[in-house]
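The chain contents come next:
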Amino acid sequence: MPALARSTHRAPDRDPAWLGRLFWLCAAVVVLWPLAAATEFKPWLLFDARSLGVAGRFLRGFWPPAHSPDFLVLAASEAWRTVAIATAGLTLALLLAVPATLLSTHVLSVSALSGRMARGPFWVRQSVRWALVVLRSVPELVWALVFVRVVGLGPTAGVLAIALTYGGMLGKVYGEILESGEAHATETLLRNGSSRLQAFLFGLLPQNAAELTSYTVYRWECAIRSSVVLGFVGAGGLGQLLDGSMKMFNGGEVLTMLCVFVLLVALADRMSAGLRTSLG
Amino acid sequence: MRRPSTRAANAPYRLPPPLFDARCRACWWTAATLALVLASFWTLDLRWSQFVSLAALRSMGRFIGEFFPPDASPEFLAKVVRGTWETLAMSALGTLLAAGAGVLLAVPASRMHAGDAARLRTPTRLLLNALRAVPELVWAALLLMAAGLGPFAGTLALAVHTSGVLGRLFAESLENAPPGPGAALRAQGVGSARVFLYATLPQVLPQLISYTLYRWENNIRAAAVLGVVGAGGLGQLLAFHMGLFHMGKTATILVAMLVLVAAVDALSYGARRVTTR
């Protein structure tokens, strides 16, 4: 019986890939160094005695969370205002998005039924689309900063900011949803002489209603999140209250409001998820 | 008595459904939505009069007019370019830190195999949800106290929020990884750390990288506005010059922001077209 053949491969003494590892390590340092320099990345500052003192005092203030009835009522009313800003903003956004979608959908073009779309309608559709892209690509926080200047502090600026950004977003995505579906029914209606609005209402809309609604509900949830953020530039709601408490270094109030905010977002999340699954 | 035949030659005339039926869920949802919208407009003290009146429109026009001409002096442009670079650096470093933290948090947050007790799964998921629920801007405002004004606080804020998002996504993909290779190694008695490194991680790595790139794209957009609370980047420049009513400079910064966002959109659209073809 032959002895077990001795393996000719011995484990190497050195890591065979050391050169590659060294190279990638150096490359990572070379890439990360300018990033760290540009962001003034100095983690040791966090453990500096002075900043530890400030942060420690602030964190110690977190407990107990503010729970006086007055403050809870205030927090609840501001939470409602946050929801209201999001809802009102989204309603106005729909007023903007629905006509823009009707104007820009290629499927509803009569001239496109016979080959190429005529030049006029094509450019109308394209320019509406570009307008939507511009509306969407300005962050809502920037809109809010601008509107706070024009209409003053308060919820009006937040509602307008959400309306413009979300109007652009909804209009663009509605168009994409309507064009990605089956166009057969709509085309048949148009060919048989129905008006564009009729073709939309009886052909395009029933096919895509569930998807459109589900996207709208999802955006409503996003709008609640962003209306809290808008409060930080003075557009009302929970964010403005939170900003005030942070500036006063009132940790207890900050903790309560963070909890209220997390609960609010979780509730909206749950509601929108339930609604979307029930829509299928 | 003979029951009337239900099958007529012509379809029997049917009444239209009642407008509101207590058993119709869609009706209830519609009613609730309408009530929510009406209540929202009712309770908010919206100042439309200030916005749509002639005087307001005139002041709006004047406000927009002040944006022109945008400040295009070379020294200010250099400042804007530096701000843009700072924004990009914040988003990149924040995302990178978040990817590292996300992997570290995703491991306890996922059940690696059927026999895994995964005791830390629920608490870690709660932590991830909490990190995710608080927006970047709120994190930035909180972290300003510890990290001071400037891009460092913004980077940390992006990292904290994104590690919540990425940790959750990573945990999902770790749990959905094909169990075969890991089971084979475990059957040989390999320890769980090496099973993770040599079986689970290589399988999910492409997915983790694509999630990270997707979040990076989002974070560039977020980093651009994060500065309005004082956390560096283009946003800080914007808040500063808008506060001082330097409208020409504000216009330049807004244009830079728009260009940055549009460039990111176009790049990601192009990359997606190239990679999914």
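Residues numbered from 1 in each chain as written. Chains lettered and ligands numbered in written order. Predicted model: local features only at pLDDT ≥ 70, side-chain atom pairs only at ≥ 80, totals over all residues.

Draft legend 1. Representation of the overall build of chain A in the model. A count of helices and strands for chain A gives 10 helices and 0 strands. Helices and strands appear in chain A in the N-to-C order α-α-α-α-α-α-α-α-α-α. The C-alpha atoms of chain A give 28 Å as radius of gyration, which overshoots the globular expectation for 280 residues (19 Å, by more than 25%). Each principal axis of the C-alpha atoms in chain A carries an extent, and together these give about 80 × 80 × 45 Å. Counting all 280 residues of chain A, 36% fall into the buried class. Restricting the contact set of chain A to residue pairs at least 6 apart, pairs at least 24 apart contribute 76%. (Helix = DSSP H or I, 4+ residues; strand = E, 2+ residues; numbered from the N terminus. Rg over C-alpha atoms; globule rule 2.2 N^0.38 Å. Buried ≥ 20, exposed ≤ 12 C-beta atoms within 10 Å, placed from the backbone. Contact = placed C-beta atoms within 7 Å.)

Draft legend 2. Examining the overall build of chain B more closely. The helix and strand tally for chain B stands at 11 helices and 0 strands. Going from the N terminus to the C terminus, chain B shows its helices and strands as α-α-α-α-α-α-α-α-α-α-α. Computed over its C-alpha atoms, the radius of gyration of chain B comes to 28 Å, more than 25% above the 19 Å expected for a compact globule of 277 residues. The dimensions of chain B, computed from C-alpha atoms along their principal axes, are 95 × 70 × 40 Å. For chain B, the residues scored as buried account for 36% of the 277 residues in total. In chain B, the proportion of contacts linking residues at least 24 apart, taken out of those at least 6 apart, comes to 71%.

Draft legend 3. View of the nonpolar core. Among the nonpolar cores identified, the biggest contains 125 residues, and A:Ala144, A:Ala161, A:Ile162, B:Ala140, B:Leu143 and B:Ala157 are the most heavily contacted of them. Counting residues per element, this core draws most heavily on helix α6 (residues 155–180) of chain A, at 13 residues. Beyond its immediate sequence surroundings of up to four residues, B:Leu143 is in contact with B:Ala153, B:Leu156 and B:Ala157. (Core = buried A, V, L, I, M, F, W, Y, C linked by C-beta atoms within 7 Å.)

Draft legend 4. Structural view of helix α10 (residues 233–243) of chain B. Counted residue by residue, α10(B) has 9 buried out of 11 residues, so it is predominantly covered. Residues of α10(B) that are buried include every one of B:Gly233, B:Leu234, B:Gly235, B:Gln236, B:Leu237, B:Leu238, B:Ala239, B:His241 and B:Met242, and no others. Lining the buried residues of α10(B) we find α5 (140–151) of chain A together with α4 (74–106), α7 (151–175), α9 (192–226) and α11 (247–276) of chain B. Looking one or two places after α10(B), you find B:Phe245, whose phi comes out positive at around 60°.

Draft legend 5. Examining the packing of α4(B) against α9(B) more closely. Residue and element names in this part refer to chain B. Contact geometry for α4 and α9: axes closest at 8 Å, N-to-C directions at 140°. Taken together, α4 and α9 sit at an angle that is classed as oblique. Handedness of the crossing formed by α4 with α9: right-handed. Two secondary-structure elements touch here, α4 through Thr 87, Leu 88, Met 90, Ser 91, Ala 92, Gly 94, Thr 95 and Ala 99 and α9 through Thr 212, Arg 215, Trp 216, Asn 219, Ile 220, Ala 223 and Ala 224. Taken together, the residues of the contact of α4 with α9 break down into 8 nonpolar, 6 polar and 1 charged. (Axes fitted to C-alpha atoms, helices over the stretch in contact; angles between N-to-C directions. Parallel < 35°, antiparallel > 145°, perpendicular 65-115°, else oblique. Left-handed = near helix turned anticlockwise from the far one by under 90°. Nonpolar A, V, L, I, M, F, W, Y, C, P; charged D, E, K, R; others polar.)

Draft legend 6. Structural view of the environment of A:Leu160. All names here are of chain A. With respect to the helices, strands and loops of the structure, Leu 160 is situated in helix α6. The sequence separation of Leu 160 and Val 173 amounts to 13 residues, and the corresponding C-alpha distance is 20 Å. With sequence-adjacent residues up to four places away left out, Leu 160 is seen in contact with Trp 143 and Phe 147.

Draft legend 7. Structural detail: the confidence of the model for chain A. Of the residues in chain A, 96% reach a pLDDT of 70 or more, and the chain-wide mean stands at 85. Per-element mean pLDDT across chain A ranges from 76 in helix α2 (residues 49–60) of chain A up to 92 in helix α3 (residues 69–104) of chain A. (pLDDT = per-residue confidence, 0-100.)

Draft legend 8. The arrangement of the confidence of the model for chain B in detail. Scored by pLDDT, chain B comes out at a mean of 85, with 91% of its residues at no less than 70. Overall fold confidence (pTM) sits at 0.81, and the ipTM for the predicted complex is 0.79.

Draft legend 9. Geometry of the environment of A:Ser137. With respect to the helices and strands, A:Ser137 occurs in helix α4 (residues 119–137). Judged by local crowding, A:Ser137 falls into the partly exposed class, with 19 C-beta atoms found within 10 Å. C-alpha of A:Ser137 to C-alpha of A:Ser227: the two residues are 90 residues apart in sequence and 17 Å apart in space. Beyond its immediate sequence surroundings of up to four residues, A:Ser137 is in contact with B:Leu258, B:Val261, B:Ala262 and B:Asp265.

Draft legend 10. Local environment of the packing of α4(B) against α10(B). All names here are of chain B. It is the contact of α4 with α10, at a shortest axis distance of 6 Å, that shows an interaxial angle of 135°. One way to sum up the angle between α4 and α10 is to call them oblique. Of the residues in α10, those in contact with Val 80, Gly 83, Thr 84, Glu 86, Thr 87 and Met 90 of α4 are Gly 233, Leu 234 and Leu 237. Of the residues assigned to the contact of α4 with α10, the class counts are 4 nonpolar, 4 polar and 1 charged.

Draft legend 11. Up close: the environment of A:Leu197. Tracing the backbone shows A:Leu197 in helix α8 (residues 196–230). Taking the C-alpha atoms as reference points, A:Leu197 and A:Leu108, 89 residues apart in sequence, are found 8.5 Å from one another.

Draft legend 12. Structural detail: unusual backbone geometry. With an omega of -5°, the peptide bond between B:Phe68 and B:Pro69 qualifies as cis. Along the chain, the position of B:Pro69 falls in the loop between α3 (54–66) and α4. Non-glycine residue A:Phe249 carries a positive phi angle of around 55°. With respect to the helices and strands, A:Phe249 occurs in the loop between α9 (238–247) and α10 (251–279). Taking the C-beta count within 10 Å as the criterion, A:Phe249 has 13 such neighbours and is therefore assigned partly exposed.

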